[in-house]
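Chain residues, written in single-letter form:
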Amino acid sequence: MNHDKLMRIIHDVFHPSLPRLGPGDEGSTRRALEMLYGAGLEGLGEDFRVLDIGCGNGAQTLHLAAMLPGRVTAVDDHQPYLDELVRRARAQGLADRIETRCADMTGLDLGGETFDLVWAEGSIFVMGVPQALPAWRSFLKPGGCLGFTELTWIEDGAPDECREFFAAEYPPMVGVADHLAAIAECGYDLVGRFTLPESSWLESFYDSVARRLETYEPPVDDPESEAIVERIHREIGMYRKYSRWYGYVFFLMRTRDR
Ligand SMILES: C[S@@+](CC[C@H](N)C(=O)[O-])C[C@H]1O[C@@H](n2cnc3c(N)ncnc32)[C@H](O)[C@@H]1O
């Protein structure tokens with residue numbers, strides 16, 4: 001299938017009106033921030049700058065803006081997601097603290113701007129962890145922090161059905177130890193990590209995707225669209241069956257002095 005068509009279907013199923021576009025929840029974002037900056041997040045100044053990469057329709061962007069002082073720059077390459085983010089930010093009185101940029105994360109030109117914190121929930125897969133970690137380090141001030149979530153094997157010995165599904169759907173998927181090695185190699189010190197709770201997949205994300213699929217009507221006689229819908233159903237079923245073996249792990253780190 002050509003790329004444009006695939007993205008049209010993906011953007012239509014993962015519609016801007018969904019509550020969020022990947023697993024996650026407010027409590028996990030707060031827990032991750034508190035691992036980096038301490039309980040209460042006190043002591044951060046008004047000049048605090050956050051870069052939220054692959055922000056989608058802004059679920060975590062809004063939480064970051066509400067929990068932290070300063071400003072958030074939110075980047076995504078799909079303008080309708082950013083439009084929805086801005087709409088929600090206005091409704092929550094956070095619009096003056098968030099700037100959106102429609103840009104491809106693989107070639108971000110930030111014009112020498114530097115950030116205290118780079119954030120990426122459910123989006124580092126676009127570049128891959130080994131590619132993103134060094135690239136994003138250059139956006140950080142010395143001693144700056146990075147938090148990302150990534151689909152990760154959390155226990156050895158996953159059943160064949162599960163391993164075969166991800167070998168086909170997401171070949172770069174690795175275990176926690178591989179991510180920790182990449183983090184150290186790329187000049188970061190790990191501050192903490194935790195696995196997102198099941199509720200952040202099911203209640204926060206998959207339930208609304210499943211509801212969307214109930215009403216989503218793929219173009220008539222379009223086997224390719226139907227195949228994508230089928231794949232998303234399989235992915236949801238996979239998590240319900242095999243969440244013991246894989247999950248989204250939140251990794252929190254600080255840049256090491258060069
Ligand atoms: C799984 S969604 C996660 C969105 C959001 N962080 C969340 O958790 O709800 C991944 C996001 O990355 C964005 N994305 C994909 N490729 C991108 C690229 N090359 N540059 C910028 N954003 C991209 C998608 O548009 C989507 O919003």
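Residues numbered from 1 in each chain as written. Predicted model: local features only at pLDDT ≥ 70, side-chain atom pairs only at ≥ 80, totals over all residues.

This part is about the nonpolar core. Ranked by internal contacts, the top residues of the largest apolar core, which has 48 residues, are Val50, Val118, Trp119 and Leu146. Of the residues forming this core, the biggest block, 6 residues, is contributed by strand β7 (residues 246–255). (Core = buried A, V, L, I, M, F, W, Y, C linked by C-beta atoms within 7 Å. Buried ≥ 20, exposed ≤ 12 C-beta atoms within 10 Å, placed from the backbone. Helix = DSSP H or I, 4+ residues; strand = E, 2+ residues; numbered from the N terminus.)

Moving on, we get to the site of the ligand. Contacts to the ligand come from 21 residues, most closely from Gly22, Gly54, Gly56, Asp77 and Met105. Of all elements in the fold, only α3 (59–67) and β2 (71–76) reach the threshold of two or more residues within the shell around the ligand. Class assignment of the residues belonging to the shell around the ligand gives a composition of 7 nonpolar, 9 polar and 5 charged. (Near = placed C-beta within 6 Å. Nonpolar A, V, L, I, M, F, W, Y, C, P; charged D, E, K, R; others polar.)

Okay, the pairing of strand β1 (residues 49–53) next. Where burial is concerned, most of β1 is hidden: 4 out of the 5 residues are buried. As paired strands, β1 and β2 are joined by 5 bridges and run parallel to one another. The residue bridging arginine 49 from the neighbouring strand is arginine 71, located in β2. Read as a crossover between parallel neighbours, the route from β1 over α3 to β2 is right-handed. Here β1 runs beside strand β4 (residues 115–120); their pairing, made up of 3 bridges, is parallel. The residue bridging leucine 51 from the neighbouring strand is valine 118, located in β4. (Pairing = 2+ DSSP bridges. Right-handed = clockwise from strand over helix to strand, strands pointing away.)

Topologically, arginine 256 is positioned in the segment after β7. The partly exposed category is assigned to arginine 256, around which 14 C-beta atoms lie within 10 Å. With 22 residues separating them in the primary sequence, arginine 256 and arginine 234 have C-alpha atoms 41 Å apart. Once you skip the residues sitting within four places of it in the chain, arginine 256 turns out to touch Gly187, Tyr188 and Asp189. (Contact = placed C-beta atoms within 7 Å.)

For the rest of this paragraph, the subject is helix α2 (residues 26–37). Counted at 1.5 Å a residue, the expected span for α2 with its 12 residues is 16 Å, and the 16 Å between its end C-alpha atoms agrees. Buried within α2 we find Ser28, Thr29, Ala32, Leu33 and Tyr37. On an axial view of α2, the arc spanned by its buried residues comes to 155 degrees, and they lie on one face. For α2, the elements touching its buried residues are α3, β5 (140–153), α8 (198–215) and β7. One or two residues past the end of α2 sits glycine 38, with phi positive at roughly 90 degrees. (Expected span 1.5 Å × (residues − 1). Arc of directions from axis to C-beta.)

For tryptophan 245, the position within the fold is in the loop between α9 (223–242) and β7. According to the C-beta neighbour criterion, tryptophan 245 is partly exposed, with 17 such atoms within 10 Å. When the C-alpha positions of tryptophan 245 and glutamate 155 are compared, they lie 4.8 Å apart, and in sequence the two are 90 residues distant.

Glancing now at α3. Burial runs high along α3: 7 of the 9 residues are buried. Turning to α3, its buried residues are Ala59, Gln60, Thr61, Leu62, His63, Leu64 and Ala65. Of the surrounding elements, those touching the buried residues of α3 are α2, β1, β2, α4 (79–91), β3 (98–102) and β4.

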